[in-house]
Amino acid sequence: MKKSLFTLTLIVLGLSVWAQDYDFSVVAPTGQTLYYKTTNPRSNAVAVVAPNDYSWSGYVMPAGSLTIPAMVTYRGQTFTITTIRSCAFSNCDNLTNVTLPNTIASIEDAAFYHCSRLTYVSIPTSATAIGQFAFCYCVNLTSISLPDSVATIGQYAFKGCNSLTNVSFGKYLSYIGPDAFEECINLIDVTIPSNVASIGAEAFANCINLRHVAFNARQCDDCYVPFNGCSNLSSMTFGDSVERIPASLCMGCPITSVSLPNSVIHIGEKAFSYCSSLTDISIPNSVSYIGEKAFSYCSSLIDISIPNSVAAIERATFSGCISLENITIPNVVTSIGDSAFKDCRSLTKVNIGDSDTAIGSYAFAHCSSLTEITIGRNVNTIEDYAFGYCELVSKITSKKPVAPSIARHTFLDVPSHTPIYICCNALIAGEYLSRWVDFDLFIQRFEFSLLAKSIDDSLGSVTVLQEPTCSNHNAVVQAIPTTGHQFLYWSDGATQNPYTLQVSCDTMLTAYFDQDSTVSITELRQTSYEVAAESGIIVVNGAAGLLVRVFDITGRIRYQGRIDSESWRHEVDLRGLYLVQIGDSPAKKVVL
């Protein structure tokens, strides 16, 4: 089909332009007779043409090394050569080298088509466009350097140049046409410049020895499988100014690792789809959109973390990632699209955050290793087959007080005896019983989590003495310092130990410790001094002669010494929470 399209295009090209002859001929400085046609009588601009209706039938074809002059004189008039006309040197099999003048603005369609012995051509800095088929099947062309002036490269322009090992693009290139470098089988390395906005379908298709692409296009939006069939393309790097990864850019490429720069904000549809060798990808927090099927069927991908900047997971984004074991879904995600994680057969746990409101159909269908599901507080709708065929699920936690709406087959083949853990009083409304009729066991549990830990396990540990429950929302935690250390305070500023707190949201609490001393800051008693804050300055009144210690939030001592006045002042470098301890009295919180 593709070959037929290629042939048809040449036929159309021939019908549209093969009807011109020349106005005059002049011998070139290198001895070949060249033929010219006037393109602008006012400026005496001319184009180099083929002499006989765009063919060389009946004429001597240029051969060897050819230099085309910038100007020619004919019958006393001087003409400027500005164009290499379509098919001007097509099928000139004995042409080996071509030097073009700096007056050439355009190299038109098929200008050097099938010049099979051409090894070198100089593209001048005046050229702005390379036409379709311009150097197609120049099978001995080894290198091409396009100046900054060239903005467009036409379809099939260098197709089949199978000796081409090096291509250099100018910085103002904006368009690379479909199949432009298809089957350039010896091309090894390609750098896409920053101003490229469009890359045509299969532009570098079947470049079987292409191993590395440096992609620097800042805002390329138009792209379709440019590297299809590049079976050895294992490395793709991205420049620091790249903002958009265009759709299907790396689709099907055997790349193994990708690190995206912090400039990237958009990953297009199917951008990395079917990259079956991809094991690692780093997505920066700058990314706000990941398109449909962006990573679908990346069958070797094991772990991926979606940044907090992404608000939605689109349709089939990670579908078919059969090796994916870990996925971090940020709490800001508001929706999970249809088939988003379908066939992620190695995924064992799913935690859907509290911002999510909808889970699409087949979102986690056929995740055959999935055992635990956590559904956030604001999920309203779970579509048909969302968790269908997940036969190993043994625990479902729903944080929503009112049962999310589900379809007939939302949990198809999930065992009916799977326990459903629901928040306190959720059964009062009866909606779980009436909506989730396929399940038999509902267990109430306290809906908020408490994570209590030590800032450093070598300094001390933390024990939860009492977990919050549906009937008692209070938790009790205790910090236990190791030998030679003492407890300082909790991350919320409290100094009690053990510490009783009411848990009304997901809570993380950290205990801070320091080296032991005779000072105890956990014994509360009345003090006569005053500690205050004034524009970044700690002020202590009424404590002259006493020892003062200032701790930062990490528990480090930032200042220690004697107070030398009734109104003592100490300036700190950074704003934040500090603890001020006077003598052996309890520490006081100061926020600067």
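This text follows the structure it describes.
Residues numbered from 1 in each chain as written. Predicted model: local features only at pLDDT ≥ 70, side-chain atom pairs only at ≥ 80, totals over all residues. Heavy atoms only, no water.

A.B. asks: Quick question: what am I supposed to make of the overall build of the protein chain here?
C.D. replies: Within the protein chain, the regular secondary structure consists of 2 helices and 49 strands. For 592 residues, the compact-globule estimate of 2.2 N^0.38 gives 25 Å, and the C-alpha radius of gyration of the protein chain, at 36 Å, exceeds that figure by more than 25%. Each principal axis of the C-alpha atoms in the protein chain carries an extent, and together these give about 110 × 70 × 40 Å. Across the 592 residues of the protein chain, 48% fall into the buried class. The long-range share in the protein chain, meaning contacts at least 24 apart out of those at least 6 apart in sequence, stands at 40%. Roughly 25,500 Å² of accessible area belongs to the protein chain as shown, and the carbon and sulfur atoms make up 48% of that amount. Of the charged side chains in the protein chain, 35 are positive and 51 negative, and the gap between their average positions amounts to 3 Å. (Helix = DSSP H or I, 4+ residues; strand = E, 2+ residues; numbered from the N terminus. Rg over C-alpha atoms; globule rule 2.2 N^0.38 Å. Buried < 20%, exposed > 50% of the residue type's maximum accessible area, 1.4 Å probe, protein only. Contact = heavy atoms within 4.5 Å. Areas by Shrake-Rupley, 256 points an atom, 1.4 Å probe, with all protein chains shown as cover. Lys, Arg positive; Asp, Glu negative; His and termini not counted. Charge placed at Lys NZ, Arg CZ, Asp CG, Glu CD.)

A.B. asks: Sorry if this is basic, but what is going on with the sheet that holds strand E44 (residues 537–541) here?
C.D. replies: Whether parallel or antiparallel, the strands of a sheet pair through hydrogen bonds between backbone atoms. The strand order across the open sheet formed by 3 strands is E43-E44-E47, and the pairing between neighbours is antiparallel. In this open sheet, the two edge strands, each paired with only one partner strand, are strand E43 (530–534) and strand E47 (567–571). Taking the axes of each pair of neighbouring strands and ignoring which way they run, one obtains an average angle of 20 degrees across the sheet. With 5 bridges connecting them, E44 and E47 associate as antiparallel partners. Bridging across to E47, Ile 538 finds its partner in His 570. (Pairing = 2+ DSSP bridges. Axes fitted to C-alpha atoms, helices over the stretch in contact; angles between N-to-C directions.)

A.B. asks: Would you explain the pairing of strand E17 (residues 212–215) in this entry?
C.D. replies: Along any regular strand the residues' side chains alternate between the sheet's two faces. Here E17 shows two buried faces, one formed by His 212 and Ala 214 and the other by Val 213 and Phe 215. With 4 bridges joining them, strand E15 (residues 189–192) and E17 adopt parallel strand pairing. The residue bridging Val 190 from the neighbouring strand is Val 213, located in E17. As defined by bridge partners, E17 adjoins strand E19 (residues 235–238) across 4 bridges and the pair is classed as parallel. Note on E19: the bridge partner recorded for Val 213 is Met 236.

A.B. asks: Got a minute to help me understand the pattern of salt bridges in this structure?
C.D. replies: Working definition: two side chains of opposite charge can pair if their charged atoms are close together. Scanning all chains against the criterion turns up 11 salt bridges. Salt-bridge contacts for Lys 159 lead to Glu 182; the nearest nitrogen and oxygen are separated by 3.2 Å. Taken as a pair, Lys 159 in the loop between strand E12 (152–153) and strand E13 (166–168) and Glu 182 in the loop between strand E14 (175–176) and E15 lie far apart in primary sequence, 23 residues in all. Like Lys 159, the residue Glu 182 is buried in the burial classification. The salt bridge involving Arg 408 is made with Asp 438; its shortest N-O contact spans 3.4 Å. Remark: Asp 438 occurs in the loop between helix H2 (431–435) and strand E36 (442–444) and Arg 408 occurs in the loop between strand E34 (405–406) and strand E35 (420–422); sequence separation between them is 30 residues. Classification of Asp 438 as partly exposed rests on a relative accessible area of 42%. Overlapping salt bridges, with partners in common, bring together Lys 159, Glu 182 and Glu 183 in one network. (Salt bridge = Lys/Arg side-chain N within 4 Å of Asp/Glu carboxyl O.)

A.B. asks: Would you mind showing me how to read the sheet that holds strand E39 (residues 474–481) here?
C.D. replies: Strand order across the open sheet formed by 3 strands is E38-E39-E41, with antiparallel pairing between neighbours. Across the chains shown, the open sheet's two edge strands, defined by having one partner strand only, are strand E38 (460–466) and strand E41 (499–502). Across the sheet, the mean angle from the axis of one strand to that of its neighbour is 30 degrees, orientation sign disregarded.

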